[in-house]
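Structure assessment
The primary structure of each chain is shown beneath.
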2 protein chains.
Amino acid sequence: MSQKEFSDQAKLLKILANEVRLAIIYSLKDTEKTVSELVEEIGSEQSIISKHLSLLRLNNIVADRREGNNIYYKLLTPCAVKFLSCATDVMREKKEYLLKIINQKHQR
Amino acid sequence: MSQKEFSDQAKLLKILANEVRLAIIYSLKDTEKTVSELVEEIGSEQSIISKHLSLLRLNNIVADRREGNNIYYKLLTPCAVKFLSCATDVMREKKEYLLKIINQKHQR
DNA sequence: TGCGTATATGCCAATATTAACATATTGTCA
DNA sequence: TGACAATATGTTAATATTGGCATATACGCA
(Lines give C-alpha, C1' and ligand atoms only; values in the text may rest on other atoms or scores of the structure.)
Protein backbone atom coordinates (compact mmCIF):
# COMPACT_ATOMS: atom_id res chain seq x y z
CA MET A 1 0.00 0.00 0.00
CA SER A 2 1.28 3.44 -0.93
CA GLN A 3 1.23 6.50 1.30
CA LYS A 4 -1.50 8.01 -0.86
CA GLU A 5 -3.65 4.95 -0.35
CA PHE A 6 -3.23 5.21 3.43
CA SER A 7 -4.07 8.87 3.25
CA ASP A 8 -7.20 8.24 1.17
CA GLN A 9 -8.31 5.51 3.49
CA ALA A 10 -7.72 7.73 6.51
CA LYS A 11 -9.87 10.42 4.91
CA LEU A 12 -12.70 7.96 4.40
CA LEU A 13 -12.42 6.70 7.97
CA LYS A 14 -12.53 10.28 9.27
CA ILE A 15 -15.79 10.81 7.44
CA LEU A 16 -17.28 7.76 9.11
CA ALA A 17 -15.75 8.40 12.53
CA ASN A 18 -18.56 10.43 14.01
CA GLU A 19 -21.43 9.36 16.21
CA VAL A 20 -24.10 11.32 14.36
CA ARG A 21 -22.89 10.33 10.90
CA LEU A 22 -22.83 6.67 11.92
CA ALA A 23 -26.39 6.98 13.16
CA ILE A 24 -27.41 8.55 9.85
CA ILE A 25 -25.74 5.85 7.79
CA TYR A 26 -27.23 3.13 9.90
CA SER A 27 -30.67 4.70 9.73
CA LEU A 28 -30.50 4.88 5.94
CA LYS A 29 -29.26 1.36 5.55
CA ASP A 30 -32.35 0.02 3.84
CA THR A 31 -34.62 2.95 3.17
CA GLU A 32 -34.37 6.60 2.18
CA LYS A 33 -35.55 9.22 4.67
CA THR A 34 -36.24 12.93 4.88
CA VAL A 35 -34.12 15.26 7.00
CA SER A 36 -37.01 15.69 9.44
CA GLU A 37 -37.30 11.95 9.88
CA LEU A 38 -33.60 11.71 10.62
CA VAL A 39 -33.79 14.64 13.04
CA GLU A 40 -36.71 13.02 14.84
CA GLU A 41 -35.04 9.62 14.97
CA ILE A 42 -31.51 10.66 15.93
CA GLY A 43 -32.48 13.49 18.22
CA SER A 44 -29.87 16.08 17.24
CA GLU A 45 -30.71 19.58 16.14
CA GLN A 46 -31.85 20.07 12.54
CA SER A 47 -28.90 22.23 11.53
CA ILE A 48 -26.48 19.65 12.92
CA ILE A 49 -28.07 16.79 11.03
CA SER A 50 -28.10 18.93 7.90
CA LYS A 51 -24.42 19.68 8.21
CA HIS A 52 -23.50 16.04 8.64
CA LEU A 53 -25.67 15.19 5.65
CA SER A 54 -23.83 17.82 3.60
CA LEU A 55 -20.50 16.27 4.49
CA LEU A 56 -21.73 12.80 3.60
CA ARG A 57 -23.18 14.11 0.35
CA LEU A 58 -20.00 15.97 -0.61
CA ASN A 59 -18.14 12.73 -0.13
CA ASN A 60 -20.64 10.69 -2.10
CA ILE A 61 -21.68 8.51 0.79
CA VAL A 62 -25.31 9.59 0.40
CA ALA A 63 -27.39 11.25 -2.32
CA ASP A 64 -30.36 13.56 -1.99
CA ARG A 65 -33.56 14.02 -3.93
CA ARG A 66 -36.11 16.77 -3.48
CA GLU A 67 -39.81 16.09 -3.33
CA GLY A 68 -41.74 19.28 -2.61
CA ASN A 69 -40.53 20.72 0.65
CA ASN A 70 -38.87 17.51 1.71
CA ILE A 71 -35.45 16.28 0.81
CA TYR A 72 -34.93 12.57 0.83
CA TYR A 73 -31.53 11.08 1.51
CA LYS A 74 -30.37 7.61 0.61
CA LEU A 75 -27.18 5.65 1.10
CA LEU A 76 -25.05 5.45 -2.05
CA THR A 77 -22.67 2.84 -0.79
CA PRO A 78 -24.52 0.01 0.91
CA CYS A 79 -21.08 -1.40 1.51
CA ALA A 80 -20.69 1.28 4.17
CA VAL A 81 -23.08 -0.71 6.34
CA LYS A 82 -21.13 -3.92 5.88
CA PHE A 83 -18.12 -1.87 6.81
CA LEU A 84 -19.72 -0.88 10.09
CA SER A 85 -20.48 -4.46 11.01
CA CYS A 86 -16.84 -5.11 10.23
CA ALA A 87 -15.92 -2.44 12.78
CA THR A 88 -18.14 -4.22 15.26
CA ASP A 89 -16.13 -7.38 14.63
CA VAL A 90 -12.91 -5.55 15.46
CA MET A 91 -14.41 -4.37 18.72
CA ARG A 92 -15.59 -7.85 19.59
CA GLU A 93 -12.18 -9.30 18.81
CA LYS A 94 -10.55 -6.67 21.03
CA LYS A 95 -12.94 -7.44 23.86
CA GLU A 96 -12.29 -11.16 23.59
CA TYR A 97 -8.57 -10.58 23.73
CA LEU A 98 -8.91 -8.50 26.87
CA LEU A 99 -11.05 -11.12 28.56
CA LYS A 100 -8.47 -13.75 27.69
CA ILE A 101 -5.72 -11.67 29.28
CA ILE A 102 -7.77 -11.09 32.42
CA ASN A 103 -8.48 -14.81 32.73
CA GLN A 104 -4.81 -15.66 32.34
CA LYS A 105 -3.95 -13.26 35.17
CA HIS A 106 -6.52 -14.86 37.45
CA GLN A 107 -5.14 -18.32 36.78
CA ARG A 108 -1.65 -17.40 37.99
CA MET B 1 -28.09 0.22 17.55
CA SER B 2 -27.98 2.42 20.63
CA GLN B 3 -26.35 5.81 20.88
CA LYS B 4 -23.61 4.31 23.04
CA GLU B 5 -22.85 1.75 20.37
CA PHE B 6 -22.53 4.48 17.75
CA SER B 7 -20.31 6.44 20.08
CA ASP B 8 -18.07 3.42 20.78
CA GLN B 9 -17.83 2.65 17.12
CA ALA B 10 -16.98 6.26 16.32
CA LYS B 11 -14.19 6.12 18.90
CA LEU B 12 -12.72 3.05 17.28
CA LEU B 13 -12.94 4.59 13.83
CA LYS B 14 -11.19 7.72 15.10
CA ILE B 15 -8.32 5.59 16.31
CA LEU B 16 -7.95 4.03 12.89
CA ALA B 17 -8.55 7.23 10.94
CA ASN B 18 -4.97 8.37 10.66
CA GLU B 19 -2.48 7.88 7.88
CA VAL B 20 0.43 6.90 10.10
CA ARG B 21 -1.58 4.56 12.27
CA LEU B 22 -2.99 2.84 9.20
CA ALA B 23 0.54 2.37 7.90
CA ILE B 24 1.58 0.88 11.24
CA ILE B 25 -1.34 -1.52 11.35
CA TYR B 26 -0.79 -2.57 7.79
CA SER B 27 2.91 -3.06 8.37
CA LEU B 28 2.24 -5.27 11.39
CA LYS B 29 -0.37 -7.32 9.62
CA ASP B 30 1.59 -10.55 9.57
CA THR B 31 4.73 -9.96 11.60
CA GLU B 32 5.84 -8.12 14.69
CA LYS B 33 8.37 -5.27 14.30
CA THR B 34 10.53 -2.99 16.40
CA VAL B 35 9.90 0.73 16.61
CA SER B 36 13.06 1.39 14.57
CA GLU B 37 11.86 -0.90 11.83
CA LEU B 38 8.55 0.93 11.70
CA VAL B 39 10.28 4.32 11.69
CA GLU B 40 12.53 3.21 8.84
CA GLU B 41 9.67 1.73 6.86
CA ILE B 42 7.06 4.44 7.34
CA GLY B 43 9.46 7.37 7.23
CA SER B 44 8.01 9.52 10.02
CA GLU B 45 10.02 10.80 12.96
CA GLN B 46 10.68 8.37 15.81
CA SER B 47 8.74 10.34 18.43
CA ILE B 48 5.75 10.51 16.12
CA ILE B 49 5.71 6.79 15.48
CA SER B 50 6.13 6.19 19.20
CA LYS B 51 3.16 8.35 20.04
CA HIS B 52 0.93 6.63 17.53
CA LEU B 53 2.07 3.29 18.91
CA SER B 54 1.15 4.46 22.42
CA LEU B 55 -2.32 5.37 21.28
CA LEU B 56 -2.76 2.03 19.55
CA ARG B 57 -1.44 0.22 22.64
CA LEU B 58 -3.69 2.13 25.03
CA ASN B 59 -6.61 1.07 22.90
CA ASN B 60 -5.53 -2.53 22.70
CA ILE B 61 -5.01 -2.55 18.98
CA VAL B 62 -1.37 -3.57 19.39
CA ALA B 63 0.75 -5.07 22.16
CA ASP B 64 4.42 -4.55 22.91
CA ARG B 65 7.18 -6.79 24.16
CA ARG B 66 10.66 -5.72 25.17
CA GLU B 67 13.75 -7.61 24.05
CA GLY B 68 16.87 -5.85 25.23
CA ASN B 69 16.91 -2.34 23.87
CA ASN B 70 14.26 -3.08 21.30
CA ILE B 71 10.53 -3.08 21.72
CA TYR B 72 8.54 -5.30 19.43
CA TYR B 73 5.01 -4.44 18.51
CA LYS B 74 2.42 -6.81 17.16
CA LEU B 75 -1.17 -6.48 16.05
CA LEU B 76 -3.66 -7.73 18.63
CA THR B 77 -6.68 -7.68 16.40
CA PRO B 78 -5.87 -9.20 13.02
CA CYS B 79 -9.48 -8.36 12.21
CA ALA B 80 -8.34 -4.75 11.96
CA VAL B 81 -6.64 -5.64 8.69
CA LYS B 82 -9.76 -7.26 7.30
CA PHE B 83 -11.49 -4.11 8.37
CA LEU B 84 -9.14 -2.03 6.27
CA SER B 85 -9.78 -4.09 3.18
CA CYS B 86 -13.43 -3.54 3.91
CA ALA B 87 -12.77 0.20 3.85
CA THR B 88 -11.10 -0.27 0.49
CA ASP B 89 -14.29 -1.94 -0.73
CA VAL B 90 -16.33 1.07 0.31
CA MET B 91 -14.00 3.33 -1.64
CA ARG B 92 -14.22 1.13 -4.71
CA GLU B 93 -17.99 1.04 -4.51
CA LYS B 94 -18.06 4.84 -4.26
CA LYS B 95 -15.79 5.17 -7.25
CA GLU B 96 -17.90 2.78 -9.32
CA TYR B 97 -21.01 4.73 -8.48
CA LEU B 98 -19.40 7.98 -9.58
CA LEU B 99 -18.23 6.47 -12.85
CA LYS B 100 -21.74 5.20 -13.49
CA ILE B 101 -23.16 8.69 -12.94
CA ILE B 102 -20.59 10.25 -15.25
CA ASN B 103 -21.36 7.74 -17.99
CA GLN B 104 -25.08 8.38 -17.68
CA LYS B 105 -24.48 12.10 -18.16
CA HIS B 106 -22.41 11.49 -21.28
CA GLN B 107 -25.13 9.34 -22.80
CA ARG B 108 -27.75 12.05 -22.62
C1' DT C 1 -47.17 38.33 -3.51
C1' DG C 2 -46.74 36.96 1.28
C1' DC C 3 -46.50 33.30 4.70
C1' DG C 4 -45.32 28.88 6.57
C1' DT C 5 -42.54 24.68 6.36
C1' DA C 6 -38.34 22.12 5.38
C1' DT C 7 -33.70 22.36 4.81
C1' DA C 8 -29.07 24.52 4.27
C1' DT C 9 -25.43 27.64 5.41
C1' DG C 10 -22.44 31.20 7.82
C1' DC C 11 -20.18 32.34 11.92
C1' DC C 12 -18.16 31.58 16.30
C1' DA C 13 -16.36 29.33 20.42
C1' DA C 14 -14.95 25.08 22.50
C1' DT C 15 -12.45 21.10 21.97
C1' DA C 16 -9.60 17.52 19.68
C1' DT C 17 -5.84 16.11 16.78
C1' DT C 18 -1.34 16.41 15.06
C1' DA C 19 3.60 17.27 14.24
C1' DA C 20 7.75 19.04 15.93
C1' DC C 21 11.09 19.53 19.14
C1' DA C 22 13.32 18.79 23.50
C1' DT C 23 13.97 15.78 27.08
C1' DA C 24 13.31 11.62 29.91
C1' DT C 25 13.46 6.62 30.55
C1' DT C 26 15.21 2.02 30.11
C1' DG C 27 18.38 -1.22 28.81
C1' DT C 28 23.26 -2.85 27.09
C1' DC C 29 27.94 -3.11 27.37
C1' DA C 30 32.57 -1.73 28.43
C1' DT D 1 29.61 3.49 36.85
C1' DG D 2 29.38 6.02 32.35
C1' DA D 3 28.29 6.29 27.57
C1' DC D 4 25.38 4.98 24.08
C1' DA D 5 21.22 3.09 21.72
C1' DA D 6 16.25 2.51 21.52
C1' DT D 7 12.09 4.17 22.87
C1' DA D 8 8.72 7.12 25.38
C1' DT D 9 6.84 11.36 27.06
C1' DG D 10 6.01 16.48 27.92
C1' DT D 11 5.06 20.86 25.87
C1' DT D 12 3.54 23.82 22.46
C1' DA D 13 1.63 25.73 18.29
C1' DA D 14 -1.00 24.94 14.20
C1' DT D 15 -4.95 23.06 12.38
C1' DA D 16 -9.33 20.43 12.18
C1' DT D 17 -13.72 19.11 14.04
C1' DT D 18 -17.90 19.98 16.27
C1' DG D 19 -22.14 22.01 18.17
C1' DG D 20 -25.03 25.94 18.74
C1' DC D 21 -27.24 29.77 17.17
C1' DA D 22 -28.82 32.92 13.73
C1' DT D 23 -30.07 33.43 9.25
C1' DA D 24 -30.69 32.23 4.39
C1' DT D 25 -32.77 29.51 0.72
C1' DA D 26 -36.30 26.83 -1.68
C1' DC D 27 -40.75 25.29 -2.20
C1' DG D 28 -45.93 25.06 -1.65
C1' DC D 29 -50.08 27.31 -0.99
C1' DA D 30 -53.50 30.83 -0.19
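I will try to describe carefully the structure that is included in this document. (Residues numbered from 1 in each chain as written. Chains lettered and ligands numbered in written order. Predicted model: local features only at pLDDT ≥ 70, side-chain atom pairs only at ≥ 80, totals over all residues. Heavy atoms only, no water.)

This part covers the side chain of Asn18 of chain B. Secondary-structure assignment places Asn18 of chain B in the loop between α1 (3-16) and α2 (19-27). Within the structure, Asn18 of chain B has its side chain in polar contact with the backbone nitrogen of Arg21 of chain B (distance 3.0 Å). Ignoring any residue separated from it by four or fewer positions in sequence, one finds Asn18 of chain B in contact with Ala10 of chain A together with His52 of chain B. (Helix = DSSP H or I, 4+ residues; strand = E, 2+ residues; numbered from the N terminus. Polar contact = N/O pair within 3.5 Å; in protein donor to acceptor, adjacent residues only side chain to side chain. Contact = heavy atoms within 4.5 Å.)

This part covers the protein's contact with DNA strand D. Close contacts around DNA strand D come from 22 residues, with Lys51 of chain A together with Ser36, Ser50, Lys51 and Tyr73 of chain B the closest. If you look at DNA strand D and keep only atoms within 4 Å of the protein, 61% of those are sugar or phosphate atoms. In this structure, Gln46 of chain B approaches DNA strand D through a side-chain N or O atom, which is 2.8 Å from a base nitrogen. The contact in question runs from a phosphate oxygen of DNA strand D to an N or O atom on the backbone of Ile71 of chain B, over 3.2 Å. (Near = heavy atom within 4 Å.)

Grouped together as the largest cluster of nonpolar side chains are 61 residues, with contacts concentrated most on Leu13, Ile25 and Phe83 of chain A together with Leu13, Ile25 and Phe83 of chain B. Dropping the residues within four chain positions of it, Ile25 of chain A is found in contact with Leu16, Leu56, Ile61, Leu75, Ala80, Val81 and Leu84 of chain A. (Core = buried A, V, L, I, M, F, W, Y, C linked by side-chain atoms within 4.5 Å. Buried < 20%, exposed > 50% of the residue type's maximum accessible area, 1.4 Å probe, protein only.)

Here the focus is the protein's contact with DNA strand C. Close to DNA strand C lie 22 residues; Ser36, Ser50, Lys51 and Tyr73 of chain A together with Lys51 of chain B are nearest. Among atoms of DNA strand C positioned within 4 Å of the protein, sugar and phosphate together represent 60%. Between DNA strand C and Asn70 of chain A there is a distance of 3.1 Å, counted from a sugar or linking oxygen to a side-chain nitrogen or oxygen. Contact between DNA strand C and Ile71 of chain A: a phosphate oxygen at 3.1 Å from a main-chain N or O atom of the residue. Those elements giving two or more residues to the surface near DNA strand C turn out to be α3 (35-42), α4 (46-58) and β3 (70-75) of chain A together with α4 (46-58) of chain B. Looking at the surface near DNA strand C residue by residue, the class counts come to four nonpolar, 13 polar and five charged. (Nonpolar A, V, L, I, M, F, W, Y, C, P; charged D, E, K, R; others polar.)

Our next topic: the sheet that holds β3 of chain A. All names here are of chain A. Read across the sheet, three strands follow the order β1-β3-β2 without closing on themselves; strand pairing throughout is antiparallel. Here the strands that pair on one side only, and so sit at the sheet edges, are β1 (33-34) and β2 (62-67). The pairing of β1 with β3 spans two bridges and is antiparallel. Note on β3: the bridge partner recorded for Thr34 is Tyr72. Contacts from α4 reach β2 and β3 within the one sheet, and its direction differs from that of β2 by about 115°. (Pairing = 2+ DSSP bridges. Axes fitted to C-alpha atoms, helices over the stretch in contact; angles between N-to-C directions.)

For the pair chain A and chain B, the relating rotation is 180°, the translation along its axis is 0.0 Å, and the fit reaches an RMSD of 0.0 Å. The transformation just described matches what one would write down for a two-fold rotation axis. Take the interface residues of chain A: 100% of them recur as interface residues in chain B, which is what a same-surface contact looks like. (Least-squares fit on C-alpha atoms with pLDDT ≥ 70 in both.)

This paragraph deals with the interface of chain A and chain B. If you look at the interface, chain A gives 38 residues, while chain B gives 39 residues. Summing both partners gives a buried area of about 3,800 Å² for chain A against chain B, and 75% of it is carried by carbon and sulfur. Put simply, chain A and chain B have zero salt bridges between them. For the pair chain A and chain B, the interface holds two residue pairs in polar contact (both at pLDDT 80 or more). Broken down by element, the side of chain A that touches chain B gets its largest block of residues, 15 residues, from helix α5 (residues 79-107) of chain A. In terms of residue class, the side of chain A that touches chain B is built from 23 nonpolar, eight polar and seven charged. (Buried area = accessible area lost by both parts, 1.4 Å probe. Salt bridge = Lys/Arg side-chain N within 4 Å of Asp/Glu carboxyl O.)

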